Amino acid sequence: MATRSSKPSPGRPLAVYRAMRDFSSTPEPDGKAPRRAGKERFFCVQKHLASHLHYDVRLEHRGVLLSWAVPKGPSLDPHDKRLAMKVEDHPFDYGEFEGVIPSGYGAGIVMLWDRGRWHPESEDIDAALERGELKFSLDGYKLKGSWVLVRTGRDGDARTWLLIKHRDEWAGAVDIVGFAPLSVKSEGDFEHILAAEQPSLWHSDRPARGGIAGSMFTEIIAKAARLRAAREAGTKAKSVKPVKRQKMHKGPARADAKTSAARRSPPRPRRTV
Ligand code: MN
């Protein structure tokens, strides 16, 4: 999570974002691509395993993505008030980013956990942000319905907000981050994203060593290395026996099981009241 101020700077809206990153060593977008035209407002949630696991909730506004880091992730239960730390605005094209940040700020793995459209419930978004109470609805793959972000931090720390689900037909007791943990982009888990890169990347210098994040990295790196080794073994086997005519039986079992788990829309939660 960012620790710097994320006060709006209308002249150079991504100045903070850019100052925190070295674009020669991160695959993250530099924000120079023009924002595509359109009336609809984009939102996404990126699951980010860095020094700690958190979920970055991003809402498109004025060509950039307003961003909050939510350590526990969104909850569909209106009783849950999820801490949401306001962080620096991100470029619009960050919204599709999924990959591995090898080093520096935010080093770790980013998964595109949800995406869709958002709609403010009041006309003036800037006034709502200024007031510290932004009501909105989400039309994503996993997250839907009405939500609110409320600022709780006093003058000294305006970064502290809460993300709360409003009571509606999409509220309920489903543990959404546990039920639907995979990417909406690649349909994979962290290890699949890492296996697409170099799993041994952090052999001696991983983003987190101790604690929960540290053990998550240990497990993910091991799984990614196995995925990668299996793929390379498969590739070698193919090149050794390129003329083998036998067709692989494409059973419905494994590959599809993963796909359907990722694609499965969450159950419509029951009303809690
Ligand atoms: Mn993050």
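Being a predicted model, the structure only gives us computed values, none of them experimental.

### A look at the overall build of the protein chain
Along the backbone of the protein chain there are 6 helices and 9 strands. Across the 273 residues in the protein chain, those meeting the buried criterion constitute 32%. A separation threshold of at least 6 residues defines the contact pool for the protein chain, and within that pool the share at least 24 residues apart is 63%.

### Things to note about unusual backbone geometry
For R62, which is not a glycine, the phi torsion comes out positive at approximately 50 degrees. Checked against the element boundaries, R62 lands in the loop between β2 (53-61) and β3 (64-70). Of note in this structure, E187 is not a glycine but carries a positive phi near 70 degrees. One can find E187 in the loop between α3 (176-179) and α4 (190-195). In this structure E187 comes out as partly exposed when scored by C-beta crowding, with 14 C-beta atoms within 10 Å.

### Some words on the confidence of the model for the protein chain
Confidence along the protein chain averages 84 in pLDDT terms, with 79% of residues attaining 70 or more. Strand β7 (residues 133-140) holds the highest mean pLDDT among the elements of the protein chain, 98, whereas helix α6 (residues 254-263) holds the lowest, 41. In this model, residues 1-9 is a region of pLDDT below 50 whose contacts with residues beyond four sequence positions or in other chains number 15 contacts. Scored below 50 in pLDDT, residues 241-264 makes 7 contacts in the model with residues more than four places away or belonging to other chains.

### So, the nonpolar core
Side chains of nonpolar character tend, in soluble globular proteins, to be buried together. Counting 48 residues, the largest nonpolar core has W68, A84, I109, L163 and L194 as the members making the most contacts within it. Apart from residues lying up to four places away in sequence, L194 is in contact with V100, I109, P199, I220, I221 and A224. With 6 residues, the next largest nonpolar core counts L76, W170, I176 and L182 among its residues.

### Some points on the pairing of β7
With 5 bridges connecting them, strand β6 (residues 108-120) and β7 associate as antiparallel partners. Note on β7: the bridge partner recorded for W118 is L138. If you look at the hairpin formed by β7 and strand β8 (residues 144-151), you'll find 3 residues sitting between the two strands.

### Notes on the pairing of β8
Where β7 meets β8, 7 bridges bridge the pair, whose relative direction is antiparallel. Looking at β8, one finds that L138 is bridged to G145. Of the pairings in the sheet, the one linking β8 to strand β9 (residues 160-165) comprises 5 bridges and is antiparallel in character. If you follow V148 over to β9, its bridge partner there is I164.

Definitions and limits used
Residues numbered from 1 in each chain as written. Predicted model: local features only at pLDDT ≥ 70, side-chain atom pairs only at ≥ 80, totals over all residues. Helix = DSSP H or I, 4+ residues; strand = E, 2+ residues; numbered from the N terminus. Buried ≥ 20, exposed ≤ 12 C-beta atoms within 10 Å, placed from the backbone. Contact = placed C-beta atoms within 7 Å. pLDDT = per-residue confidence, 0-100. Core = buried A, V, L, I, M, F, W, Y, C linked by C-beta atoms within 7 Å. Pairing = 2+ DSSP bridges.

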